[in-house]
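Reading the structure
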Amino acid sequence: MRDKPWVMRTYAGHSSAAESNALFRTNLAKGQTGLSVAFDLPTQLGYDPDSPLATGEVGRVGVPIPHLGEMRRLFGDIPLADMNTSMTINATAMWLLALYQVVAEEQAGDRAAEVVPRLQGTTQNDIIKEYLSRGTYVFPPEHSLRLTTDLIAYAVNEIPKWNPINICSYHLQEAGATPTQELAYALCTAIAVLDGVRDSGQVSPDDFPTVVGRTSFFVNAGVRFIEEMCKMRAFVAMWDRLTRERYGVTDPSNRRFRYGVQVNSLGLTEAQPENNVQRIVLEMLGVTMSRTARARAVQLPAWNEALGLPRPWDQQWSLRLQQVLAYESDLLEYEDLFDGSTVVEEKVAELIHGARAEMDHVQAMGGALAAVESGYMKQQMVSSLAARRARIESGDQPVIGVNVFVETEQSPLTADPGTAVQSADPDAETSAVASVQAWRRSRDQAAVAASLERVREDAKTDANLMPATLAAARAGATTGEWAQALREVFGEFRAPTGVSAAVGVGAADAELRALRAGVQRTGHELGRRLRFLIGKPGLDGHSNGAEQIAVRARDAGFEVIYQGTRLTPAQIVATAVAEDVHCVGVSVLSGSHLELVPPILDGLREQGLAGVPVVVGGIIPPADAARLRGLGVAAVFTSKDFGLTEILARVLSEIRRANGLAPSV
């Protein structure tokens, strides 16, 4: 019997609610009733678009929704009672669900009370992985987890068809987690969340199995097909055992491991990017071929995401990959192809054994929250990614087009670099800021103030925060105002970066030994140890590259100053002055390098540090790289520059040049 095809989605970041609405309406016309929306970094973190930290990033990586008016525009004329909407949102998941519910109520009018229980969809709402991989968090872990559990309890009681949490091991693998770590840390997250809901007393014991049943996962699939497929079979078995033994769930339907997947973006290459297509197909097979562990929602990156923002045609290509597999192949016509395989059984058992051991270690530390606060899980993932990078650099892990088979014909897909990716709308941020300003002028300020005071007061108690949040949404508060009210009660938090204790490349590496000697010699010539500041300006939380550079620079003998994500250009300049650094490295992966780097250059000049070289890394098109160099950037590195030791050798050369020293040999 032919199985039901999985939901087909591609990721698309749109610069405005109106643009996304147009896409949704096009899909509705085609008979598709599933909506998928990713909210941008300012929305994820609760900053308004006119915040200094949001500068240059509004609308580049999702839809900015700073207030109820924009949520109305996003879903205008789209019947939410008949939709199934997946919302990629975490730190502000409660706020966005409140806005969504209010819009649905407004659409229903007098029938609002009937419509809310009918709403269907998913809020990602996984805050723990934000401390480990994405950086989109603000509050200390315990308070962030409260928002997560309050939303879950509210949804189970009031919106029973809603999936209130989607635990994302996807981002863990992107940040370097091995399959064993991905299994262990995702399930430890689930334990922290489910224990939190259970212990809050907001859900009755009879309804708690529903909480378990409404928990879903969003996983990653790398190019090691067999290992990734076995990982998914391990996930299914471990989740079934965990929910049965720890939480006493007897109904098999509530113990079902429900997951969607985006295949791996970490392995996409800028070099010979056309090879990414076959990588994506292999990774898709890893989560579809085993029927007992098959994904129902598949999301594929585009072949050119290592180059920049994919165009609509690129996104369509990813969608067609899924459709060929679902509709042309016979994959869905057979029972599980791997049942009874001793090779698969042994690999699954190995993964389960390793993951359980790591879970036991985390639980002995006090659970996921304690392992976040101590930096243990982050450190382990940074070390795993460092080991992966070292294998690629040494050639032990082949990457076609990068460290083997590098000779290539010119690809017609990238013959014109200026047209190979989509450019962001330069007016998106201006429009978003104007929207917030106009919205604030039009609302009842007294009602907003009263609603925000209720948020603050409820936050001081153990009351569920969703009712106060709904009241603030109805009154017209903005995303930033709601988040600021909670900051005043919860405070702010910076998680450990994992860099200082991460394991890097060993001293046996010859190139690293040579670099270390050069760093030591240059420091001696300049009279003190070389100081290298690595800055992550803006809200972009993709910190893998910055962390790996920091680890390798530390191992090369630099004194590294790395403070994590969410810094303003002014803060980076101030740190450069205070620490008297020899070089400033800036990591920008949001595409906002032309907005964020110039203020750093200007600030250094104003502080008399024009001679300090600035190097920049990120997903930077060639034309933008040329502009940055024209502005005074000493070197620009992109994903094709995979050799970390080579990158740091260039940094050392720029330091020597800036200080009038002879080139290092």
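Scroll up a little and you will see the structure.
An account of the accompanying structure is given in this report. (Residues numbered from 1 in each chain as written. Predicted model: local features only at pLDDT ≥ 70, side-chain atom pairs only at ≥ 80, totals over all residues. Heavy atoms only, no water.)

Bringing the overall build of the protein chain into the picture now. Of regular secondary structure, the protein chain possesses 26 helices and 14 strands. Computed over C-alpha atoms, the radius of gyration of the protein chain comes to 25 Å, within 12% of the 26 Å expected from 2.2 N^0.38 for 665 residues, which places it in the range of a compact globule. Considering only residue pairs separated by 6 or more positions, the protein chain has 80% of its internal contacts joining residues 24 or more positions apart. Counting only carbon and sulfur atoms, one obtains 52% of the accessible surface of the protein chain, whose full area is about 26000 Å². Computed over 63 positive and 78 negative side-chain charges, the separation of the two mean positions in the protein chain equals 1 Å. (Helix = DSSP H or I, 4+ residues; strand = E, 2+ residues; numbered from the N terminus. Rg over C-alpha atoms; globule rule 2.2 N^0.38 Å. Contact = heavy atoms within 4.5 Å. Areas by Shrake-Rupley, 256 points an atom, 1.4 Å probe, with all protein chains shown as cover. Lys, Arg positive; Asp, Glu negative; His and termini not counted. Charge placed at Lys NZ, Arg CZ, Asp CG, Glu CD.)

Counted at 1.5 Å a residue, the expected span for helix α1 (residues 17-29) with its 13 residues is 18 Å, and the 18 Å between its end C-alpha atoms agrees. Within α1 the residues assigned to the buried category are Ala17, Ser20, Asn21, Phe24 and Asn27. Viewed along the axis of α1, the buried residues span an arc of 120 degrees, placing them on a single side of the element. The secondary structure elements touched by the buried residues of α1 are β2 (34-38) and α3 (68-74). Once α1 ends, the next one or two residues include glycine 31, with phi positive near 90 degrees. (Expected span 1.5 Å × (residues − 1). Buried < 20%, exposed > 50% of the residue type's maximum accessible area, 1.4 Å probe, protein only. Arc of directions from axis to C-beta.)

Attention shifts here to empty space enclosed by the protein. Per the counting criterion, the structure on display carries six cavities of 30 Å³ or more. Approximately 150 Å³ is the volume found for the largest cavity. As for the largest cavity, its lining consists of 19 residues, of which Tyr131, Tyr137, Ala495, Gly564 and Thr565 are closest to the centre. In this structure, the second largest cavity encloses a volume near 50 Å³. For the second largest cavity, the full set of lining residues is Asn90, Ala91, Ala93, Met94, Asn125, Ile127, Phe139, Ser144, Leu147, Thr148 and Leu151. Secondary-structure elements contributing two or more residues to the lining of the second largest cavity are α4 (93-108) and α7 (141-158). (1 Å grid on protein atoms, 1.4 Å probe; cavity = no way out; pocket = protein on both sides within 12 Å on 5 of 7 lines; lining within 4 Å. Points joined across faces, edges and corners; volume = space filled by probe spheres on them.)

Bringing the sheet that holds strand β13 (residues 614-618) into the picture now. Sheet strands line up and pair through hydrogen bonds in the backbone, either parallel or antiparallel. Reading across the sheet, the five strands line up as β11-β10-β12-β13-β14 and stay open at both edges, with parallel pairing between neighbours. Bordering the open sheet on either side are β11 (559-562) and β14 (635-637), each of which pairs with just one other strand. Each neighbouring strand pair of the sheet contributes to a mean axis angle of 20 degrees, computed without reference to strand direction. Inspection of the sheet shows β13 paired to β14 by three bridges, in the parallel sense. Bridging across to β14, valine 615 finds its partner in alanine 635. The strands touched by helix α23 (residues 569-579) are β10 (531-535), β11 and β12 (583-588); relative to β10, the strand with the most contacts, the crossing angle is about 165 degrees. (Pairing = 2+ DSSP bridges. Axes fitted to C-alpha atoms, helices over the stretch in contact; angles between N-to-C directions.)

Moving on: the sheet that holds β2. If you trace the four strands from one edge of the open sheet to the other, you get β2-β3-β4-β5, paired in parallel fashion. Lying at the two open borders of the sheet, with one neighbouring strand each, are β2 and β5 (162-163). When β2 meets strand β3 (residues 84-88), the two strands line up parallel, connected through five bridges. The partner of leucine 35 across the bridge, within β3, is threonine 85. Across the face of the sheet, α4 comes into contact with β3, β4 (120-123) and β5 while running at roughly 150 degrees to β3.

This paragraph deals with the pairing of strand β6 (residues 165-168). The side-chain alternation of β6 yields two buried faces, one formed by Ile165 and Ile167 and the other by Asn166 and Cys168. Pairing analysis gives four bridges linking β6 to strand β7 (residues 215-221), with the strands arranged parallel. The residue bridging cysteine 168 from the neighbouring strand is phenylalanine 218, located in β7.

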